[in-house]
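# Close look at the chain arrangement
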Amino acid sequence: MYNENFEKFLLIHKALIRTSGNDGLYYRNNPDIYKEIIDYFWNDKQFNSIYNFWKNNNFENTTFYDWAKPSLDHIIPSSKGGLNTLDNFQFLTTFENLSKRDMTMEEWNFFKEKTNTHSDYFIENIMKEREG
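Here the structure is a predicted model, which means the values were calculated and not measured.

Definitions and cut-offs
- Residues numbered from 1 in each chain as written.
- Predicted model: local features only at pLDDT ≥ 70, side-chain atom pairs only at ≥ 80, totals over all residues.
- Heavy atoms only, no water.
- Axes fitted to C-alpha atoms, helices over the stretch in contact; angles between N-to-C directions.
- Helix = DSSP H or I, 4+ residues; strand = E, 2+ residues; numbered from the N terminus.
- Parallel < 35°, antiparallel > 145°, perpendicular 65-115°, else oblique.
- Contact = heavy atoms within 4.5 Å.
- Nonpolar A, V, L, I, M, F, W, Y, C, P; charged D, E, K, R; others polar.
- Buried < 20%, exposed > 50% of the residue type's maximum accessible area, 1.4 Å probe, protein only.
- Pairing = 2+ DSSP bridges.
- Expected span 1.5 Å × (residues − 1).
- Salt bridge = Lys/Arg side-chain N within 4 Å of Asp/Glu carboxyl O.

This part covers the packing of helix 2 (residues 31-43) against helix 3 (residues 45-55). Between helix 2 and helix 3, the shortest axis-to-axis distance is 5 Å and the interhelical angle comes to 60°. Taken together, the axes of helix 2 and helix 3 are oblique relative to one another. Of the residues in helix 3, those in contact with Phe41, Trp42 and Asn43 of helix 2 are Lys45, Phe47 and Asn48. Taken together, the residues of the contact of helix 2 with helix 3 sort by class into 3 nonpolar, 2 polar and 1 charged.

Have a look at this one:
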């Protein structure tokens, strides 16, 4: 399965290594759990929407390439007690992840609503585009 799109696998793998270190999601000593986590994101609707948004657009625009790239996000940031566990991770675009900063996803959605903040790089718009 992973051979059909090694780049997708590598993106998930690198995100897990960078984000979780030794204490959470990247289980170096348990290949079965590691495979389960890779499988989860490989099949995750949100990850695939962002990945396809990133891959199916023009890479000649390097700004788009950088901002649209999938980025692993803590739903509840570490700074607010969030853990490096599968249930606390999601993929957003790099742009949205950097914009969200240390807000929880709930705080981030509230902020976007109250400030009328919109972007084609935000997950709700990417998901709408995929479904539409």
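Moving on, there is more to tell.
A few words now on the packing of helix 3 against helix 7 (residues 123-131). Their axes nearest at 9 Å, the elements helix 3 and helix 7 cross at an angle of 85°. Judged by the inter-axis angle, helix 3 sits roughly perpendicular to helix 7. Only Ile123, Ile126, Met127, Glu129, Arg130 and Glu131 of helix 7 make contact with helix 3, whose side of the interface consists of Lys45, Gln46, Asn48, Ser49, Ile50 and Phe53. Across the contact of helix 3 with helix 7, the residue classes tally to 5 nonpolar, 3 polar and 4 charged.

With respect to the helices and strands, Asn48 occurs in helix 3. In this structure Asn48 touches Lys8, Phe41, Trp42, Asn43 and Arg130, once residues within four positions along its chain are discounted.

Okay, the environment of Trp54 next. Its location among the elements puts Trp54 in helix 3. On the accessibility criterion, Trp54 (1% relative accessible area) is buried. For the pair Trp54 and Ala68, spaced 14 residues apart in the sequence, the C-alpha separation amounts to 5.3 Å.

With 5 of 5 residues buried, strand 2 (residues 89-93) is to be regarded as a mostly interior element. As defined by bridge partners, strand 1 (residues 70-74) adjoins strand 2 across 5 bridges and the pair is classed as antiparallel. Residue pairing for strand 2: His74 is matched across the bridge by Phe89.

A word on helix 2. When the terminal C-alpha atoms of helix 2 are compared, their 18 Å separation across 13 residues agrees well with the 18 Å that a helix rising 1.5 Å per residue should span. Here helix 2 has its buried residues at Tyr34, Ile37, Ile38, Asp39, Phe41 and Trp42.

Further remarks concern the pattern of salt bridges. According to the stated counting rule, one finds 6 salt bridges in the structure shown. Residue Lys55 is joined to Glu7 by a salt bridge in which the shortest nitrogen-to-oxygen separation is 2.5 Å. Placement of the pair is Lys55 in helix 3 and Glu7 in helix 1 (residues 6-20), with a sequence separation of 48 residues. Residue Asp73 pairs with Lys100 through a salt bridge whose shortest N-O separation is 3.1 Å. Of this pair, Asp73 sits in strand 1 while Lys100 sits in helix 5 (residues 94-100), placing them 27 residues apart in sequence. For the pair Asp73 and Lys100, a shared accessibility class is recorded, and that class is buried. Taken together, the shared-partner salt bridges connect Glu96, Lys112 and Glu124 into one network.

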